[in-house]
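# Tertiary structure, described
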Amino acid sequence: MMVQKWNKKRAHFPLIVFLFLLFIISTILYNERSIQQIHQNPDHDDRHQHQDSISSATPKLPTHPNRVPEVLDRFTTCSSTVKYSGRKAGWTAGKPVRDRRRGTSGRCDVFSGKWVFDNTSYPLYNESRCPYMSDQLACRKHGRSDLGYQYWRWQPHHCNLKRWNVNAMWEKLRGKRLMFVGDSLNRGQWISMVCLLQSVIPADKRSMSPNAPLTIFRAEEYNATIEFLWAPLLVESNSDDPVNHRLDERVMRPDSVLKQASQWEHADILVFNTYLWWRQGPVKLLWSTEENRVCEEVDGLGAMELAMEAWANWVATKADLDKKRIFFATMSPTHLWSREWNPGSEGNCYNEKTPINDESYWGSGSDLPTMSMVEKVLGRLGSKVTVLNITQLSEYRKDGHPSIFRKFWEPLGPEQLSNPASFSDCIHWCLPGVPDVWNELLFHFL
């Protein structure tokens, strides 16, 4: 019986094989015909069918889909330069808001006060015991013998700052990233913060990354970092190299903070600054949509306003303020002309040993139109940004600069050595010193 069934199946087997071979041959012939049609017509419907299948997930491409704006670096130049057209990047923030974080605590303005000599509580750390100290700011190491600049405490008129507490500050930073973003003045504040905090962290539980656009101090015990991002103009520019940025032509993208924002957007606490780099003459604008490197030229104040608006647009539209605190430090003053505090004199900060006592003093190094523009931009951000108004309190500290007591990266000639005031640094600040107070103010508001 089983043999009969098997014989019946064998009778049908050749027919099945024949039908299968016929199907294979037909498929091959059909595919060859399709291939011929594709070669004859490159715009075959199959290509459009593929495009349609992804169109719902693909944004509308620009006119030149393959063009990506070049990343600016120190080799970037303009092919030609034209007058500024008045173009804006299109920031759409709201009107000025009154109830913004103005850096006041209750009814007390902590930025209105005076400097009090206090050699009991200050300095808050020892210069030689901070392994991360910068040679540009280590004034005692480089020969400054009058150390009075280290012993001044900022005293608000009608209240007190929170007393600095290293452990309390680390607790505020536990599991967080604190990042300073800006120029060398902000880098000085970052070094100050590292020196203020590093002493309580065991040497094998802390580390500092090599110098780079983003430099990071890590404290393993607190799973925290204190970082500095070199971005002197806040927007993308050809000066974004932290070492090689002395250029004859300053070029920036006034409509883009994307490169810098990709670094700072994940920080929990951000401290921004920008000012001095805008005081160095005209700036070239290279818009992201410009394909032929044709730049527009504008004065420093106009360029700074464009950069501030691009930064403010990021704050207003991209920053998650439920998870971030954002601070902006106002301009750090310079003391380049002693005649401003001592009429008739012809020096600068060199050999100055005490602060200015006149509470109404305001030097020409702090530009009022710039201050007004910054106030206008920050005013439109409302409570999104806390202002650290360091300008007036720092104005009094003509004694706090390195002057000649720092490392200079270029050899000094006989003419300079015979006239110390001619090469004095009256821009940056000795550490310990004034930037420590800026960080005390930051601690006060965290």
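Predicted, not measured: the structure shown is a model, and the values here were computed from it.

### Observations regarding the packing of aromatic side chains
Using the criterion set out here, one finds 16 aromatic pairs in the structure. Aromatic pair phenylalanine 117 and tryptophan 152: ring centres 5.3 Å apart, planes at 80 degrees, arrangement edge-to-face. Of this pair, phenylalanine 117 sits in strand 2 (residues 113-117) while tryptophan 152 sits in strand 3 (residues 152-156), placing them 35 residues apart in sequence. With a relative accessible area of 43%, phenylalanine 117 lands in the partly exposed category. Between tryptophan 154 and tyrosine 396, the aromatic rings sit 6.4 Å apart at their centres with planes inclined by 20 degrees, giving stacked as the arrangement. In this pair, tryptophan 154 is assigned in strand 3 and tyrosine 396 in the loop between helix 8 (391-395) and helix 9 (414-418), connecting sequence segments 242 residues apart. Linked through ring pairs, Trp264, Phe272, Trp311, Trp314 and Phe328 together constitute an aromatic cluster. Positioned above the aromatic ring of tryptophan 287, the side-chain terminus of arginine 87 is 4.0 Å from the ring centre. Positioned over the ring face of phenylalanine 408 is arginine 406, at 4.7 Å from the centre of the ring.

### Description of empty space enclosed by the protein
In total, this model carries three cavities of 30 Å³ or more according to the counting rule given. The space that makes up the largest cavity amounts to roughly 60 Å³. For the largest cavity, the full set of lining residues is Tyr122, Pro123, Leu124, Tyr149, Gln150, Trp152, Arg397, Pro432, Gly433, Asp436 and Val437. Considering only residue class, the lining of the largest cavity consists of seven nonpolar, two polar and two charged.

### Digging into the sheet that holds strand 7 (residues 224-230)
An order of 5-6-7-4-9-12-13 is seen for the seven strands of this open sheet, with the pairing classed as mixed. Here the strands that pair on one side only, and so sit at the sheet edges, are strand 5 (206-208) and strand 13 (386-388). Here the strands of the sheet are splayed against their neighbours by 15 degrees on average, with no regard to which way each runs. The pairing of strand 12 (residues 325-329) with strand 13 spans three bridges and is parallel. Across the sheet, the residue bridging to phenylalanine 327 is threonine 386, located in strand 13. The strands that helix 4 (residues 184-197) touches are strand 4 (177-182), strand 5, strand 6 (214-219), strand 7 and strand 9 (269-272); relative to strand 7, the one it contacts most, it runs at about 165 degrees.

### Description of the nonpolar core
General note: in soluble globular proteins, nonpolar side chains tend to be found buried as a group. By size, the foremost hydrophobic cluster in this structure holds 101 residues, and its most contacted members are Trp170, Ile226, Met252, Trp264, Met308 and Trp311. Per-element accounting of this core gives the leading share, ten residues, to helix 6 (residues 300-317).

### Here we look at the state of the cysteines
Considering all chains together, one arrives at five disulfides under this definition. Covalently, cysteine 108 is tied to cysteine 159 through a disulfide, its sulfur atoms 1.8 Å apart. Residues cysteine 108 and cysteine 159 are joined through a disulfide that is left-handed, its torsion about the S-S bond being -65 degrees. You can see cysteine 108 sitting in the loop between strand 1 (80-83) and strand 2 and its partner cysteine 159 sitting in the loop between strand 3 and helix 3 (166-173), a full 51 residues away along the chain. In this model cysteine 349 forms its disulfide with cysteine 426; the gap between the sulfur atoms is 2.1 Å. Negative torsions about the S-S bond denote left-handed disulfides, and the value of about -85 degrees found for cysteine 349 with cysteine 426 makes this one left-handed. Of this pair, cysteine 349 sits in the loop between strand 12 and helix 7 (368-379) while cysteine 426 sits in the loop between helix 9 and helix 10 (434-445), and the two are 77 residues apart along the sequence. Comparing cysteine 349 with cysteine 426, the two get one shared label, buried. Sequence-ordered numbering of the bonded cysteines in the chain gives a pairing of 1-7, 2-5, 3-6, 4-10, 8-9.

Rules behind the numbers
Residues numbered from 1 in each chain as written. Predicted model: local features only at pLDDT ≥ 70, side-chain atom pairs only at ≥ 80, totals over all residues. Heavy atoms only, no water. Phe/Tyr/Trp six-rings, centres within 6.5 Å; stacked < 30°, edge-to-face > 60°. Helix = DSSP H or I, 4+ residues; strand = E, 2+ residues; numbered from the N terminus. Buried < 20%, exposed > 50% of the residue type's maximum accessible area, 1.4 Å probe, protein only. Lys NZ or Arg CZ within 6 Å of the ring centre and 35° of its normal. 1 Å grid on protein atoms, 1.4 Å probe; cavity = no way out; pocket = protein on both sides within 12 Å on 5 of 7 lines; lining within 4 Å. Points joined across faces, edges and corners; volume = space filled by probe spheres on them. Nonpolar A, V, L, I, M, F, W, Y, C, P; charged D, E, K, R; others polar. Pairing = 2+ DSSP bridges. Axes fitted to C-alpha atoms, helices over the stretch in contact; angles between N-to-C directions. Contact = heavy atoms within 4.5 Å. Core = buried A, V, L, I, M, F, W, Y, C linked by side-chain atoms within 4.5 Å. Disulfide = S-S within 2.5 Å.

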